[in-house]
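# What the coordinates show
The lines below spell out each chain.
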Amino acid sequence: MTDRTTLEQEIAAEQRHLDRVYARLAELRHFAAQAEKDGYRLARVGNFGALVERDAMVFHAAQRRHVLDAEHEGLVFGRLDLREGQVLHVGRLGVRGEDAETLVVDWRAPAAAAFYQATPAQPLGVVRRRTISSSAERVTRIEDDLLDPAAAPPDMAVVGDGGLLATLSRATGRGMRDIVATIQREQDEAIRSPASGVTIVSGGPGTGKTAVALHRAAYLLYSDRSRYAGGGILVVGPSAVFVEYIASVLPSLGEETATLRSLGSMFPGMGATRTDPPEVAAVKGSLRMRRVLERAVRDAVPGGPGELRLLYRGELLRLDRRELDGIRDRALGRGARRNESRRAGFDGVFAALWAQARRLGIGRLPEQRAFEDEIAERPEFREFLKAWWPRLHPRHVLGWLARPDRLRRYAAGVLSRAEVGLLVEAYRALDVEGLTIADVALLDELDALLGKPLQPKRARRDPFQLAGGVRELSTHADRQRAAREAARERPEDYRDFAHVVVDEAQDVSPMQWRMIGRRGRLASWTVVGDPAQTAWTGDPEELTRARDAALGRRRRHQFELTTNYRNSAEIFAVAEAEIRRLYPDLALPRAVRSTGVAPVELTVPAAELAAATVAAVGDLLGEVEGTVGVITPVPRRDEVAGWLAGRAAPRLQVVTSLQAKGMEYDGVVLVAPGEIRADPGSGVRTLYVALSRATQRLVTVEPTG
Ligand SMILES: Nc1ncnc2c1ncn2[C@@H]1O[C@H](COP(=O)(O)OP(=O)(O)OP(=O)(O)O)[C@@H](O)[C@H]1O
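Residues numbered from 1 in each chain as written. Predicted model: local features only at pLDDT ≥ 70, side-chain atom pairs only at ≥ 80, totals over all residues.

An unreviewed UniProt entry lists the protein under the name ATP-dependent DNA helicase, with Micromonospora haikouensis given as the organism.

## Structural notes on helix α25 (residues 609–623)
For clarity, the cut-off: Secondary structure follows DSSP: runs of H or I at least 4 residues long count as helices, runs of E at least 2 residues long count as strands, and numbering of each begins at the N terminus. By this rule, a helix spans an expected 1.5 Å times one less than how many residues it contains. Counting other C-beta atoms within 10 Å of its own, a residue is labelled buried from 20 upward, exposed at 12 or fewer, and partly exposed in the gap between, with every C-beta atom placed from the backbone. Picture the helix axis, draw a direction to every C-beta atom, and the arc is the one those directions span. Residue pairs qualify as contacts under a 7 Å threshold applied to their C-beta atoms, which are placed from the backbone.
Counted at 1.5 Å a residue, the expected span for α25 with its 15 residues is 21 Å, and the 21 Å between its end C-alpha atoms agrees. Those residues of α25 that sit buried are Leu609, Thr613, Ala616, Val617 and Leu620. The buried residues of α25 all sit within an arc of 100 degrees when viewed along its axis, so they share a single face. Summarising the geometry of α25, the exposed residues directed more than 90 degrees from the buried face are Ala611 and Gly622. Those residues of α25 hidden inside the fold are in contact with β17 (600–605), β18 (628–632), α26 (637–643), β19 (652–656), β20 (665–671) and β21 (694–704).

## A word on the UniProt feature "binding site: ATP" (unreviewed entry) in the protein
How we decide: UniProt positions are given in the numbering used here, feature names are shortened, and annotations may be inferred rather than shown by experiment.
According to UniProt, the feature "binding site: ATP" (unreviewed entry) maps to Gly203, Gly204, Pro205, Gly206, Thr207, Gly208, Lys209 and Thr210 in the numbering used here. Within the secondary structure layout, Gly204 lies in the loop between β7 (198–203) and α6 (209–223). Given 28 C-beta atoms within a 10 Å radius, Gly204 is considered buried. Contact partners of Gly204, with chain neighbours within four places excluded, come to Asp530, Ala532, Asn564, Leu588 and Pro589. In this structure, Thr210 sits in helix α6. Residues in contact with Thr210, not counting those within four places in the same chain, are Ile246, Asp503, Val528 and Gly662.

## A short note on the sheet that holds β18
This is how the line gets drawn: Two strands form a pair only when DSSP identifies at least two bridges running between them. Where helices are involved, their axes are fitted lines through C-alpha atoms of the stretch in contact, as for all axes, and angles between N-to-C directions lie from 0 to 180°.
Sheet architecture is open: five strands sit in the order β17-β21-β20-β18-β19, paired in parallel fashion. In this open sheet, the two edge strands, each paired with only one partner strand, are β17 and β19. The mean angle between the axes of side-by-side strands here comes to 20 degrees, regardless of whether they run parallel or antiparallel. In this sheet, β21 lies alongside β20 in parallel orientation, the contact comprising six bridges.

Right under this line is the structure:
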């Protein structure tokens, strides 16, 4: 225990430093604003050199001002006292004093690494590590770790009981927080892993895999900004709720350039949120679907013309279905893509008609070219071509799978009869219910198989055009800003990302790996996940193959995280007991925090499930300050949401056990856990996920009878 005076003195000392930093910051902000103004004034001087100078000045000044504003809150959060007596303050960005002395080191800079990596066993020259908490511009708390007692001067104060636990017990808001002040050593190693190749991070629930993945994105943007901001970073998460949950982390680190996508929104214009039952997802996600889709894209259009009849100079020219199919097959030979091969198909029709006209010995037949031109002018012929070989959108072709006769044909010898039955059932109400998340990867595959229609080149959008059609761009700074914005607003089907982050990777199906892989051909990767949490019930070997194909031969760097920072030890014990049913010997993370509150297990008659759930939710909303999640079996989501309609949003969220992937709530009410477990494929693993979402309170409500 530290005595009060020492604590107050230490806080006061940190406050003095913080005051100095903020004063300097105000000065820098003032300089930046001034520089911007001076830059514009230089313009009036007029010569070219002055203009260039002005542009650069205004650009840097504006950029600097933006960063200074974004990183104001919690700017300084750490301090290192080194062996030689040197003191370093660590913060969200680097700040230098008037004489270029370092006031704050950026957390991503090499000099700050020791803040995260030093331990008593390996102090890395650090004697004391201090975590500083502040609110607005006031220091509110400090917590020290004495890492090298032998090297500590006798008057060195050590206060608090470690910054991490204090942070972990705070209630959470609706979005995820950044953890920049309390990143732990094993996490830091993964965050700073080499930029190239593939960084693979695994670990049990709550070990910070998502946090690491996002901080790594920020680290990469810092260490090689032009490469990663220029090419772009894609962050892929399992669901729309999850993407919403993590959306604020990067902006809180001052980074807004990454593209966040859920698996259901990877394809332009799509935002699927519906999930399939695991056994259906296993079929839709299997690599064998590629074969099924390949057959579909070669098939005749449903309702298309079965033959072509054309009266030419009194003779009937006729191509029947077999001939038309033959022409289409030949045009699509050697992997040609359907939307790109219309011309070849049309040429095939012309050639067949010409051959027929010659065979029939039609009198005064013109040259072949003139014959074709003549036919091409005929409206009924043009109508035929349009109907026989239309431009196809992937959505059209996916719709063909909803016709059982077609599906059976495409799947013959590829899928089992039972698998076809599952798909027939799944696609029965496609028009009404819309696509599921798993369908989006099929759309993307179809898109690759169909290709893009060849279109005349359009005039490119003027990248320097400002909003509202104003073309006037006064400075290089404006141009830079416009270019940055253009980068941020990449086209929806942009694919050349410089880095791809895949979160909850254990749930990415083989077909989804192909979809993500298409966006990361030139990328380095960060892949995080936990195999014990997967809902995938398909072929594991196929999954490995698809993942390896997406990641290619890039060098891999593996990291394992071992501490669960989310769940109280009491809650994780329940989750642990669940997963042990399946994997008795699995290495599990250690939950570091105990609340002394045991999870509550309620068993109620089925008729009372609604009332018991509503009561439990009411209690939890009173007991925790932050969010409450209600997790349900997939088929029960809407029913349960109905029971709770009108309740305490935005603190309350109702999600299915599959949407709960990656999520975190302070209190969780888990409805009908037995129904989740009952799924023979992935029930236990999905229940394990649901049981490991709560930070403070867990209530399970099990219906009987
Ligand atoms: N070093 C840390 N300091 C403070 N909080 C941390 C730290 N590491 C992780 N956390 C917190 O622990 C919680 C779990 O982290 P995260 O969601 O990244 O875990 P995860 O491994 O992705 O979990 P899951 O696999 O269960 O989805 C989050 O609230 C995160 O902010």
